[in-house]
Structures are given as structure tokens and as C-alpha cells.
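Commentary on secondary and tertiary structure
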Amino acid sequence: MSADEGLSSTVADWLFINSWWLLLPFTMLLVVAAFVVAFVLLLYMISPLISPKPLKLNGAHVVVTGGSSGIGKAIAVECYRQGAFITLVARDEAKLLQAKKEVEKFAINDKQVVVCTSVDVSSDYHEVESVLKQAQEKLGPVDMLVNCAGTSLSGKFEDVEVDNFRIKPYNIYVTVAYPPDTDTPGLAEENRTKPLETKLISETSGVCQPDQVAKVIVRDAVQGNFNSSVGPDGYMLAAVTCGMSPVTSITEGLQQIVTMGLFRTIALFYLGSFDSIVRRCMIQREQSKAADKRE
């Protein structure tokens with residue numbers, strides 16, 4: 001055997017003996033990947049065991065405040081479609097009776113009932129308590145409360161009067177909804193006093209229909225989800241602002257962890273766009289003031 005052949009054989013033997021060092025990083029990567037996949041699969045398997053039990057709306061008693069119009073009425077219709085008994089609460093008795101007729105059109109059985117009660121939920125506590133007791137006497141204990149009463153007072157901060165600023169142990173779950181701009185009487189009223197900057201910013205996400213928003217809110221409420229959002233913008237906002245809010249399932253928590261950085265990056269572009277809108281409106285306002293002075 002020549003010297004060259006001997007050297008080649010020695011090098012080959014050394015590489016064969018020590019090749020496992022080269023494979024070690026790849027092997028460790030495979031082990032870590034397998035562990036992550038197994039962990040995620042385990043979480044998916046146990047997630048239903050710790051998630052809230054879905055509420056069956058068929059035969060359930062649903063109380064909807066602000067149920068005479070807008071999203072409240074649409075939620076009442078959606079629940080009635082699924083067999084619920086409905087108590088509509090609002091201030092305007094005439095609008096309540098009209099809403100009652102509209103909701104009753106979607107009955108799926110002869111046992112369903114819609115009860116109306118006219119009361120201002122922001123006024124006397126004892127009056128509201130009495131109304132709810134009467135509703136429970138007629139339709140049984142309240143299984144789901146939809147708190148949809150209230151209006152939005154739009155305007156510049158410095159223009160709003162001070163008087164207008166207001167401040168699982170029992171198996172009760174709370175769902176916080178983030179509805180986008182929705183085609184309701186409330187939005188029309190809100191747009192009357194909404195500053196131009198706010199209006200242009202809110203218009204970037206479009207306007208949804210009440211029945212579309214209601215379906216999402218009812219679905220998340222019966223599932224016991226804490227957050228309820230509509231569309232990709234709403235989902236991103238709920239994930240970015242989740243903070244210390246509870247999670248319904250481990251899966252939801254993992255989704256928030258994984259997407260938080262990405263959504264925050266996207267949100268920065270949104271903020272840049274909003275700042276641009278505010279600057280343009282400010283320039284237009286200053287130009288308008290300057291033109292008025294020249295005249």
C-alpha cells in the first residue's frame with residue numbers, strides 16, 4: 001500500500017469514527033422539534049377538558065338589554081333562531097314592541113316566548129332588579145345576559161362636558177365583544193358628532209351588518225370565550241391587547257403567544273397610517289383657518 005493510500009484510509013477511518021459529532025446538532029434539532037410537536041398535540045387533546053362547557057341555547061333564557069334595535073336586536077334574533085326564550089329590555093316601549101314582532105318571526109317551535117320590559121338600566125337599581133325577577137318568574141333563571149344598552153358620545157376630548165364622563169367560582173363566564181363599526185341607528189347618531197379624524201380612521205375597517213356581528217358574538221358567548229372579535233382586524237386587536245385577560249383554552253393562549261410579535265409589527269404600520277390621517281386633517285384645518293382670515 002502506498003503512502004497516499006494509507007493517508008486516505010486513515011482520514012476515512014477518522015471521519016467515520018467522529019462523524020456522529022457532525023450529526024449531533026441535527027439530531028438535537030429533530031428531538032426538540034418532536035418534543036414541541038408532541039407538546040402541542042397534548043395541549044390540543046387536554047384543551048377541551050379545561051374549556052368552558054358550551055351553552056345550549058335551545059330552551060335557554062336570554063336577557064338582552066338594548067334589545068330594541070341595532071346589535072342587541074340582532075343578537076336576540078340569532079338566539080331565538082336557536083330556540084332560546086328572550087327578554088328584551090330597553091327604554092322605548094314602542095320600539096320594544098316592534099322588535100318583539102320582528103324577533104318572533106324566527107321561532108323554531110311553539111314554546112318559545114319573547115317578553116318585553118321597558119326600563120332604563122342606568123337609572124334605579126331596585127327597579128332593574130324587580131324587572132329581572134319578573135322575567136325569571138315568567139321564563140326561568142337567566143342563562144345568558146347580553147349587556148348591549150348604551151350609546152357612544154363622540155367628540156373632541158376638550159369639547160365633552162365633565163358630566164358626560166361616567167365612570168369562576170359560580171360557573172359564570174364573561175364575553176367581551178369588540179364589534180367594528182356596525183350599520184345601526186347608534187352608529188348613525190355617533191357619526192353626527194364624530195371628529196373627522198376619528199371617522200376616517202374607523203372607516204378603514206369598513207362597516208359590518210348587525211346580523212353578521214350578532215352571529216359571532218352569540219357563537220363566542222355560548223362557547224364561553226372571553227374575547228369576541230369580528231374580522232381579521234378585530235382578531236388582531238384582541239390578540240395585541242390581551243394583556244392579563246383570561247384565556248378560554250390553552251390553544252388560544254398559544255395563538256396569542258405566537259402571533260403577538262407579528263401583530264404588534266403590523267399594528268405599527270396601522271398606527272403610522274392613523275398618524276398620517278391626523279396630520280392631514282390638521283393641515284387641512286389650519287389651511288381652512290388661514291383662508292377664513294384672509295377673507
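Bear in mind that the values here come from a model prediction, so they are computed numbers and not experimental data. Every chain begins its residue count from 1, and numbering advances along the sequence as written. Two thresholds apply to this predicted model, a pLDDT of at least 70 for residue-level local features and 80 or more for giving and counting side-chain atom pairs, whereas whole-chain, interface and lining totals are computed over all residues. Note that the side-chain values use all heavy atoms of the structure and ignore hydrogens as well as water.

The subject of this paragraph is the sheet that holds strand E1 (residues 61-65). For two strands to count as paired, DSSP must find a minimum of two bridges between them. Only DSSP runs of H or I covering at least 4 residues are called helices, and only runs of E covering at least 2 are called strands; the numbering of each starts at the N terminus. Taken together, 4 strands build an open sheet; the order of strands is E3-E2-E1-E4 and the sheet is parallel. In this open sheet, the two strands that pair with only one neighbour each are strand E3 (114-118) and strand E4 (144-147). Across the sheet, the mean angle separating the axes of adjacent strands is 15° when strand polarity is ignored. Pairing geometry for E1 and strand E2 (residues 85-90), over 5 bridges, is parallel. Lines fitted to the C-alpha atoms define the axes, with helices restricted to the stretch that makes contact. Angles between their N-to-C directions range from 0 to 180 degrees.

Buriedness of a pocket was judged along seven lines, with at least five required to meet protein on both sides within 12 Å; pockets are open sets of points on a 1 Å grid over the protein atoms alone, cavities are sets where a 1.4 Å probe fits but cannot get out, and lining residues have an atom within 4 Å of a point. Grid points are joined across faces, edges and corners, and a volume is the space filled by probe spheres set on the points. There is about 670 Å³ of room inside the second largest pocket. Of all the elements in the fold, those that place two or more residues in the lining of the second largest pocket are helix H6 (196-203), helix H8 (231-240) and helix H9 (250-294). Across the lining of the second largest pocket, the residue classes tally to 14 nonpolar, 5 polar and 3 charged. All amino acids are sorted into three groups, where Ala, Val, Leu, Ile, Met, Phe, Trp, Tyr, Cys and Pro are nonpolar, Asp, Glu, Lys and Arg are charged, and the leftover types, Gly among them, are polar.

Across the interface, helix H2 (residues 70-81) lies against helix H7 (residues 210-223) with an axial gap of 8 Å and an inter-helix angle of 60°. When the interaxial angle is binned, H2 and H7 end up oblique. As H2 runs across H7, the sense of the crossing is right-handed. Packed against H2, whose contacting residues are Gly70, Ile71, Ala74, Ile75, Glu78, Cys79 and Arg81, the element H7 presents Pro210, Asp211, Val213, Ala214, Lys215, Ile217 and Val218 at the interface. Of the residues contributing to the contact of H2 with H7, the split by class is 9 nonpolar, 1 polar and 4 charged. An angle counts as roughly parallel when it lies under 35 degrees, as roughly antiparallel when it exceeds 145, as roughly perpendicular when it falls between 65 and 115, and as oblique in every other case. By definition, any crossing whose near helix is turned counterclockwise from its far helix by less than a right angle is left-handed, and any crossing with a clockwise turn is right-handed. Whether two residues are in contact is decided by their heavy atoms: any pair within 4.5 Å suffices.

A few words now on the pairing of E2. Partly exposed residues are those whose accessible area sits between 20% and 50% of the maximum for their type, while under 20% is buried and over 50% is exposed, using a 1.4 Å probe and protein chains only. The element E2 is extensively covered by neighbouring structure, given that 6 of its 6 residues are classed as buried. For the handedness criterion, the strands are oriented away from the viewer, and a crossover whose path from the first strand over the helix to the second runs clockwise is classed as right-handed. Viewed along the sheet, the connection from E1 through H2 into E2 turns out right-handed. Of the pairings in the sheet, the one linking E2 to E3 comprises 5 bridges and is parallel in character. Within E3, the position partnered with Val89 by the bridge is Thr117.

Now for the nonpolar core. In terms of nonpolar packing, the biggest core is built from 28 residues, with Leu57, Val62, Ile75, Cys79, Ile86, Leu88 and Val103 touching the most fellow members. The set of elements that each furnish at least two residues to this core consists of E1, H2, E2, helix H3 (93-104), E4 and H7. Among the elements that take part in this core, H2 stands out by supplying 7 residues, more than any other. Contact partners of Ile75, with chain neighbours within four places excluded, come to Val146, Ala214, Ile217 and Val218. Of all hydrophobic cores here, the second largest spans 5 residues; its members include Val63, Val89, Val128 and Val131. Here, the term nonpolar core denotes a set of buried Ala, Val, Leu, Ile, Met, Phe, Trp, Tyr and Cys residues that are joined through side-chain atoms within 4.5 Å.

Here we take up the confidence of the model for the protein chain. You can read pLDDT as the predictor saying how much it trusts each residue, on a scale of 0 to 100. Here the protein chain averages 81 in pLDDT, while 80% of its residues score no lower than 70. Mean pLDDT across the elements of the protein chain ranges from a minimum in helix H1 (residues 3-50), with 64, to a maximum in E1, with 92.

Quick look at the packing of aromatic side chains now. Put simply, two rings from Phe, Tyr or Trp (the six-membered ring, in Trp's case) pair if the centres are within 6.5 Å, and we call them stacked under 30 degrees between planes, edge-to-face over 60, tilted for the rest. In the structure shown here, the tally under the stated rule is 2 aromatic pairs. The interplanar angle of 85° and the centroid separation of 5.9 Å between the aromatic rings of Tyr235 and Phe263 together place this pair among those described as edge-to-face. Of this pair, Tyr235 sits in helix H8 while Phe263 is found in helix H9, placing the two residues 28 residues apart along the sequence. With a relative accessible area of 37%, Tyr235 lands in the partly exposed category. Residue classification places Phe263 among the buried residues on the basis of a relative accessible area of 12%. An angle of 75° between the planes, with centres 6.1 Å apart, marks the rings of Tyr270 and Phe274 as edge-to-face. Residue Tyr270 and its partner Phe274 are both found in helix H9; the two are separated by 4 residues, about one turn of the helix.

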